[in-house]
Amino acid sequence: MQIVRDQRKVSLVLGSGGARGITHIGVIQYLVEHGYVIDEIVGCSIGALVGAAYACDRVGELGEWMRTLTKAQVFRLMDFSNPRYGLLKGARILTTLHQVFDDVNIEDLPLKYTAVATDLEKEEEVLFISGSIYDAIRASIAIPGVFTGVHYADRFLVDGGVLNPVPVNHVSKKDNIVIAVNLDGVPMKEIGMTAKLNPVGLLQESYYAMRRRLSTLSLACYPPDYTITVPHDSAGIWDFHRSNELIDMGYNLAQQALKA
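So, a few notes on the structure that sits alongside this text. (Residues numbered from 1 in each chain as written. Predicted model: local features only at pLDDT ≥ 70, side-chain atom pairs only at ≥ 80, totals over all residues. Heavy atoms only, no water.)

**What about the pattern of salt bridges?**
So, step 1. For the structure on display, the rule yields 10 salt bridges.
So, step 2. Where salt bridges share partners, they join Arg20, Asp184 and Arg211 into one cluster. (Salt bridge = Lys/Arg side-chain N within 4 Å of Asp/Glu carboxyl O.)

As structure tokens, this is what we get:
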């Protein structure tokens, strides 16, 4: 028997990628404006954060706040830690987020929400489908070397994007339209520039190349109905001061992908 899908119900997969993830806000704005009903969100890292704001019905407020950020304000959000464990504690960011939306239990949300983190010792993904949404966000955004890792239930957790930058395989509502936002798209960089990089730049570019391949493989193995792809070099990890531009970019990319 053929399954007939509800053409407006969406499972939205929000990938990891630092400030590029602000494009998620624009994607959500487009979907809502055009009558799509997002009744499942799967996110990792910045995707878990933006997805949580939507699940709490506060993504509009998050976008308004992000649009006002300056470089100085972004810097003030950085609570530096002992560099042995990570550059930042992450507590100041979460405290500030409380001005946008309160902590709630995931199981009490009006839609299905899953945040993905990584158990670095066991090299496996960890799914947050219940409990504090702020615990889920904090574990999922713990970029190794940048934010301190999280000790949770006898596990040591870091950013979900380490193993799965676009966690489309964790969608549970199979009858929905599945839309994935990949923040590791092919960069717009000038050809030939890689050979001119210094050793640190080469190491960073090699890491990015691995992320792009990992994202490509994930999307090939678990193909969504639509993929919205954000170029990898459209923003740096800390370019939150460019939120106004990035939100608009997400809206426009969603429009292009869903009207194609």
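What follows picks up the thread again.
**Comments concerning the side chain of serine 243**
So, step 1. Assignment of secondary structure puts serine 243 in helix H8 (residues 243-259).
So, step 2. Judged by its relative accessible area of 0%, serine 243 falls in the buried class.
So, step 3. From its side chain, serine 243 meets the backbone oxygen of methionine 66 in a polar contact 3.4 Å long.
So, step 4. One polar contact links the side chain of serine 243 to the main-chain carbonyl oxygen of phenylalanine 240, over a distance of 2.5 Å.
So, step 5. Beyond its immediate chain neighbours, meaning those up to four positions away, serine 243 contacts Ile22, Met66 and Arg67. (Helix = DSSP H or I, 4+ residues; strand = E, 2+ residues; numbered from the N terminus. Buried < 20%, exposed > 50% of the residue type's maximum accessible area, 1.4 Å probe, protein only. Polar contact = N/O pair within 3.5 Å; in protein donor to acceptor, adjacent residues only side chain to side chain. Contact = heavy atoms within 4.5 Å.)

**A word on the packing of aromatic side chains**
So, step 1. Applying the stated criterion to the full structure yields 6 aromatic pairs.
So, step 2. Between tyrosine 30 and tyrosine 251 the ring centres are 5.3 Å apart and the planes differ by 80°, which places this aromatic pair in the edge-to-face class. Residue tyrosine 30 is found in helix H1 (residues 23-33), and its partner tyrosine 251 is found in helix H8; the two are separated by 221 residues along the sequence.
So, step 3. Centre to centre, the rings of phenylalanine 101 and tyrosine 134 are 5.4 Å apart; their planes meet at 35°, and the pair counts as tilted. Of this pair, phenylalanine 101 sits in the loop between helix H5 (91-97) and strand S3 (112-119) while tyrosine 134 is found in helix H6 (residues 133-140), placing the two residues 33 residues apart along the sequence. With respect to class, phenylalanine 101 is no different from tyrosine 134; both count as buried. (Phe/Tyr/Trp six-rings, centres within 6.5 Å; stacked < 30°, edge-to-face > 60°.)

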